[in-house]
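Structural features, examined
One letter stands for each residue in the lines below.
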Amino acid sequence: MKHGFVKIACATPDLKVADCEYNADCIINMIKDAHEAGVMLCSFPELSITGYTCGDLFFQKALLDSAARSLNKIINDTADYDMINIVGLPYSFEGKIYNCAAVFQKGKLLALITKKNIPNYSEFYEARHFTPGIKNSQTIFYGKSVPIGTNYIFNCKNMPEFIFGIEICEDLWVTDSPSIMLAKEGANIIVNLSASNDIIGKSDYRRIIVKAQSGSLLCTYMYANAGIGESTTDMVYSGHSIISENGALSVESERFSNGIIIFDTDLQKIESERKRSNTFQKSSLMENEKYIKISFDIKMHDVQINNKISPTPFVPLSVEDIHSRCKEISAMQSIGLAKRIKHTNCNNAIIGLSGGLDSTLALIVTVNAFKHLNLNPKDIIAVTMPCFGTTDRTYSNACKLAEQYGATLKEINIRNSVIQHFSDIGHDINNHDVTYENSQARERTQILMDIANQNNGLVIGTGDLSELALGWSTYNGDHMSMYAVNASIPKTLVRYLVKYEADCSENELKNTLYDILDTPVSPELLPPDENGIISQKTEDLVGPYELHDFFLYYMVRFGFSPEKIFRIALLAFKGQYDENTILKWEKIFYKRFFSQQFKRSCLPDGPKIGSVALSPRSDFRMPSDASVNVWLSELENIN
């Protein structure tokens with residue numbers, strides 16, 4: 001449970017309608033399986049002790065008594081387990097029958113939560129048997145007073161972020177869902193015991209509504225659904241259970257099968273989202289409407305995380321999603337630039353084209369913006385500025401790219417200008433230090449700005465989000481532009497966007513783009529080796545961009561601690577990087593991120609594309625002289 005992880009489960013047991021003893025044994029066995037898997041919160045479907053489809057048998061005292069006895073047996077037989085369990089049963093109270101969720105732990109029944117919304121339409125006729133949930137009261141269950149009602153919420157005393165609330169089936173499908181108030185009262189896990197039958201198309205809608213509720217309430221939503229074993233007299237149940245965390249589908253069961261699904265929910269992530277969102281507000285209920293908190297304690301232990309953690313959080317996992325995302329991003333970038341071009345009445349766009357990934361993407365975006373505005377691509381001035389480190393490969397690709405997109409290519413060799421500059425400031429040309437490198441970058445930016453003045457044009461920025469995070473740009477050099485189209489595109493995503501363009505292209509352009517994708521990332525500010533090959537590789541100096549993008553995402557998006565980011569990075573990059581390598585580059589990430597904030601404090605305009613951006617105007621604000629000691633100290637203490 002360290003770092004906010006809680007292992008949760010939805011279980012659909014084998015079932016015989018109205019055979020409570022058989023069903024209890026199945027539930028007990030599944031609880032034991034969940035316990036062995038390390039589950040701390042496990043939910044079963046609606047009326048899981050009796051079966052949902054008992055019909056008028058719910059009026060039979062024999063069935064109601066058997067359900068109560070079976071619940072007591074389940075509680076007693078699992079008394080050695082620390083985990084919280086929730087099962088469904090009909091319960092007779094003060095002359096009425098209630099559809100209840102029984103919450104128990106370590107041999108104690110904590111509460112009976114009553115279903116609030118009773119459906120009585122189409123195939124449902126629950127109002128024939130059940131009374132809508134009462135507010136809060138007390139019942140006697142096997143000699144002990146137990147809370148019963150709707151307005152209860154459960155919180156863990158020794159893990160404050162572990163708070164859950166319960167609603168039952170139809171409660172989710174109504175306009176005024178109980179989960180809304182449960183979330184406002186602090187519940188970050190919503191448990192739904194359900195018996196949702198299947199008809200054509202319903203599984204898709206069920207999936208959508210669970211994801212939507214999880215997203216709008218900024219919570220983890222557990223939907224435990226009835227399955228095979230329910231009566232098929234009039235309906236079929238598929239056992240379609242779903243767990244959704246913060247609007248994303250985390251895990252779902254295979255339809256038309258019984259079993260258990262397990263997920264390691266990250267409650268710190270949920271809490272982070274709620275803190276960020278000032279529109280997520282606590283409830284303002286009248287005192288008599290307040291939810292009563294039922295506290296429990298749970299043995300703290302480290303959760304063995306079994307979730308698949310993507311090493312590229314900025315990139316979708318499936319090929320279909322990648323193509324869809326790339327198409328959407330391309331449109332957003334180009335529309336953003338088109339608006340700026342139209343507003344400024346500029347005749348031209350000026351791009352420093354190096355033959356690398358970032359400037360290639362910037363050219364692609366600019367070409368698309370010109371298409372949107374019905375402008376001639378000849379008015380895109382692609383400037384290649386070879387100098388000491390330029391290789392034949394990148395120079396050739398830059399020239400071919402400009403020609404293939406129909407842009408105007410302008411070549412300006414800056415070698416003599418930079419040499420003159422070295423002479424002016426008294427710098428030894430053989431001293432390949434940061435002055436040697438940055439002088440080239442600033443000379444290129446000066447040329448681009450002056451060409452823009454000559455042609456009433458805009459200088460299009462090429463730098464990406466990863467470079468901004470690391471400060472891997474020359475201040476007042478490539479750091480500056482008139483509109484930065486790649487400012488919120490991380491390096492890992494830049495590669496996919498260029499590949500998407502290559503996949504959609506034909507002939508020579510396709511070949512050029514693929515060769516650019518195969519070229520090592522480099523600023524080419526140092527001379528190539530004796531074979532004319534790039535000698536200065538960025539990732540050899542600052543570390544793998546895929547690691548830095550991973551660190552960036554979880555630091556900025558969720559505010560995770562360095563130790564937690566290290567932990568999940570070990571899982572995401574297992575078999576690819578060892579612990580020492582990840583720790584080394586994470587330390588460098590934090591050092592560079594803090595020390596280079598001054599460059600981000602004066603960024604040019606650029607469109608926000610994803611959930612992580614570093615513009616000081618709308619997304620991420622921090623002082624340029626903030627200390628990194630707290631973050632580095634935590635990393636130093638990792639064993």
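Coordinates for the structure precede this section.
Keep in mind the model is a prediction, meaning the values are calculated, not measured. (Residues numbered from 1 in each chain as written. Predicted model: local features only at pLDDT ≥ 70, side-chain atom pairs only at ≥ 80, totals over all residues. Heavy atoms only, no water.)

**Here we look at the layout of surface pockets**
Volume-wise, the largest pocket comes out at about 1600 Å³. For the largest pocket, the lining is made up of 45 residues, of which A248, K269, P313, Y553 and Y554 are closest to its centre. For the lining of the largest pocket, the secondary-structure elements that each account for two or more residues are strand 13 (248-252), strand 14 (259-266), helix 6 (267-276), helix 7 (319-344) and helix 16 (545-558). The element contributing the most residues to the lining of the largest pocket is helix 7, with 6 residues. For the lining of the largest pocket, the per-class residue count stands at 24 nonpolar, 10 polar and 11 charged. (1 Å grid on protein atoms, 1.4 Å probe; cavity = no way out; pocket = protein on both sides within 12 Å on 5 of 7 lines; lining within 4 Å. Points joined across faces, edges and corners; volume = space filled by probe spheres on them. Helix = DSSP H or I, 4+ residues; strand = E, 2+ residues; numbered from the N terminus. Nonpolar A, V, L, I, M, F, W, Y, C, P; charged D, E, K, R; others polar.)

**Observations concerning the sheet that holds strand 18 (residues 408-411)**
The strands making up a sheet are joined through hydrogen bonds of the backbone, oriented either antiparallel or parallel. Pairing within the open sheet is parallel, and its 5 strands lie in the order 18-17-16-19-20. The open sheet terminates on both sides in strands that have one partner only, identified here as strand 18 and strand 20 (483-484). Bridging between strand 17 (residues 380-384) and strand 18 involves 4 bridges; their strand directions are parallel. From the neighbouring strand, A382 faces strand 18, where its bridge partner is L409. In the packing of helix 8 (residues 357-372) onto the sheet, contacts are made with strand 16 (348-352), strand 17 and strand 19 (457-461), and the angle to strand 16 comes to roughly 170 degrees. (Pairing = 2+ DSSP bridges. Contact = heavy atoms within 4.5 Å. Axes fitted to C-alpha atoms, helices over the stretch in contact; angles between N-to-C directions.)

**Thoughts on the side chain of S203**
Its place among the elements puts S203 in helix 5 (residues 202-216). Leaving out residues up to four positions away in the same chain, S203 has contacts with D198, H240 and R255.

**Re the packing of aromatic side chains**
The geometry of an aromatic ring pair comes down to the distance between the two centres and the angle between the two planes. Under the criterion given, the structure shown has 30 aromatic pairs. Judged by centre distance (6.4 Å) and plane angle (55 degrees), the ring pair of F93 and Y98 falls under tilted. Note on F93: relative accessible area 6%, which makes it buried. When its relative accessible area of 5% is taken as the criterion, Y98 is described as buried. By the ring-pair criterion, three or more aromatic residues cluster together here, those being F314, F550, Y553, Y554, F558, F560, F573 and Y577. Positioned over the ring face of F558 is K269, at 5.1 Å from the centre of the ring. (Phe/Tyr/Trp six-rings, centres within 6.5 Å; stacked < 30°, edge-to-face > 60°. Buried < 20%, exposed > 50% of the residue type's maximum accessible area, 1.4 Å probe, protein only. Lys NZ or Arg CZ within 6 Å of the ring centre and 35° of its normal.)

**Quick notes on the pairing of strand 17**
Within strand 17, 5 of the 5 residues are buried, which leaves the element mostly enclosed by the surrounding structure. As paired elements, strand 16 and strand 17 share 4 bridges and run parallel to each other. Pairing of I351 across the sheet is with A382, part of strand 17. Read from strand 16 through helix 8 to strand 17, the crossover connection turns out right-handed. (Right-handed = clockwise from strand over helix to strand, strands pointing away.)

**Observations regarding the environment of N23**
Relative to the helices and strands, N23 is located in helix 1 (residues 20-36). Residues N23 and G51 lie 28 residues apart in sequence; the distance between their C-alpha atoms is 8.3 Å. The residues touching N23, leaving out its near neighbours within four places in the chain, are D14, L15, K16, S48, I49, T50 and G51. At 2.9 Å, the side chain of N23 forms a polar contact with the backbone nitrogen of K16. (Polar contact = N/O pair within 3.5 Å; in protein donor to acceptor, adjacent residues only side chain to side chain.)

**Describing the nonpolar core**
Counting 91 residues, the largest nonpolar core has F550, L552 and F593 as its most contacted members. The biggest single contributor to this core is helix 16, with 10 residues. Contact partners of F593, with chain neighbours within four places excluded, come to A469, L552, M555, V556, R600, L614, F620 and M622. Listed in part, the 47 residues of the second largest apolar core include L64, I75, Y91 and V146. (Core = buried A, V, L, I, M, F, W, Y, C linked by side-chain atoms within 4.5 Å.)

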